[in-house]
Amino acid sequence: MRKITLLAACAALALSACGSMGMFGPSDAARVAVIEAALVGPPRTDEDRARDASRMTAETLAFARVGPGDRVIDLMIGGGFFTRAFSAAVGPEGQVTAWQPDEFVAFSADYGAALAAADALPNVTGVGSPIGTPQWPTGVDVIFTAQNYHDLHLEAFPEFTAEQVNAAVYESLKPGGYYVIIDHRAAPGAGRSAPETLHRIDIEQVKREVMAAGFVLDGQSDVLERAADPLTANVFDPSIRGNTSQFMLRFRKPG
């Protein structure tokens, strides 16, 4: 682990000026290789590693600019897949906050079990709070959410929920910190009904909302896009489930 940590630290210094708009470049590939080495070990499971090819886990963490010693918040952790990946990537000197909204836990006991399992990891703290009033540490390096930003627009929640969460993210990040959002892509102009009916969201809507909170767009990647996805099917439809086209956005807090 110490050898991996030192390699990752060197790579982070070498790549600190590297940006990413669109596909990954050669320098990003070096970052990916370092992260792949960290992802081999615990606390990740064999099931996690079997999903890495489709979820492009190392590429995703590289895009998020995550490295050893970082403080990361994983928003709406679901089953904890990325929480475990962050735990491995930040190492023993890093810290991960795994957040599961109270409303998710009330909806399904599985969400509560995933939060408890995350909290049991040595460098992870599990946190629950109402979705509109997150309870997070401040001064963190990266705040991340995958396939869940659209949930902030579900009819079950007040219409200003996304605005509240984005403001909380801004407050919790250190100046220069990153807010990374991955979600199922909706067709351009799909409108505000897409999160409820399709569990998708228009990428331009996300950009508008997050930049309105004070962020600047720092990077965008299409590595998770799938040309065969019509963008109009519910993501749970058997014809498309597991093969949706997803966007990756990285925003930066100025400073």
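Shown above is the structure to which this text applies.
Residues numbered from 1 in each chain as written. Predicted model: local features only at pLDDT ≥ 70, side-chain atom pairs only at ≥ 80, totals over all residues. Heavy atoms only, no water.

Student: Explain the packing of aromatic side chains to me, using residue names and the numbers behind them.
Tutor: Applying the stated criterion to the full structure yields nine aromatic pairs. With a centroid separation of 5.2 Å and an interplanar angle of 85°, the aromatic rings of Trp-99 and Trp-136 are classed as edge-to-face. With a gap of 37 residues between them, Trp-99 in strand 3 (residues 95–101) and Trp-136 in the loop between strand 4 (124–129) and strand 5 (140–146) connect regions that are remote in the sequence. Side by side, Trp-99 and Trp-136 carry an identical accessibility label, which is buried. Through a chain of ring-to-ring contacts, three or more aromatic side chains come together here, namely Phe-81, Phe-82, Phe-86 and Phe-144. Here the basic side chain of Arg-250 rests over the ring of Tyr-178, its NZ or CZ set 5.6 Å away from the ring centre. (Phe/Tyr/Trp six-rings, centres within 6.5 Å; stacked < 30°, edge-to-face > 60°. Helix = DSSP H or I, 4+ residues; strand = E, 2+ residues; numbered from the N terminus. Buried < 20%, exposed > 50% of the residue type's maximum accessible area, 1.4 Å probe, protein only. Lys NZ or Arg CZ within 6 Å of the ring centre and 35° of its normal.)

Student: Please give an account of the nonpolar core that cites residues and values.
Tutor: Counting residues in each nonpolar core, the largest one holds 34 residues, and the members touching the most others are Leu-61, Val-66, Phe-86, Val-142 and Phe-144. Among the secondary structure elements, those contributing two or more residues to this core are helix 2 (26–39), helix 5 (57–63), helix 6 (81–90), strand 3, helix 8 (109–119), strand 5 and strand 6 (173–184). If one sorts the elements of this core by residue count, helix 6 sits on top with seven residues. Dropping the residues within four chain positions of it, Phe-86 is found in contact with Leu-61, Val-66, Val-72, Asp-74, Val-96 and Phe-144. In this structure, Tyr-149, Val-169, Val-206 and Phe-251 belong to the second largest nonpolar core, which totals 29 residues. (Core = buried A, V, L, I, M, F, W, Y, C linked by side-chain atoms within 4.5 Å. Contact = heavy atoms within 4.5 Å.)

Geometric values such as these leave the question of function open.
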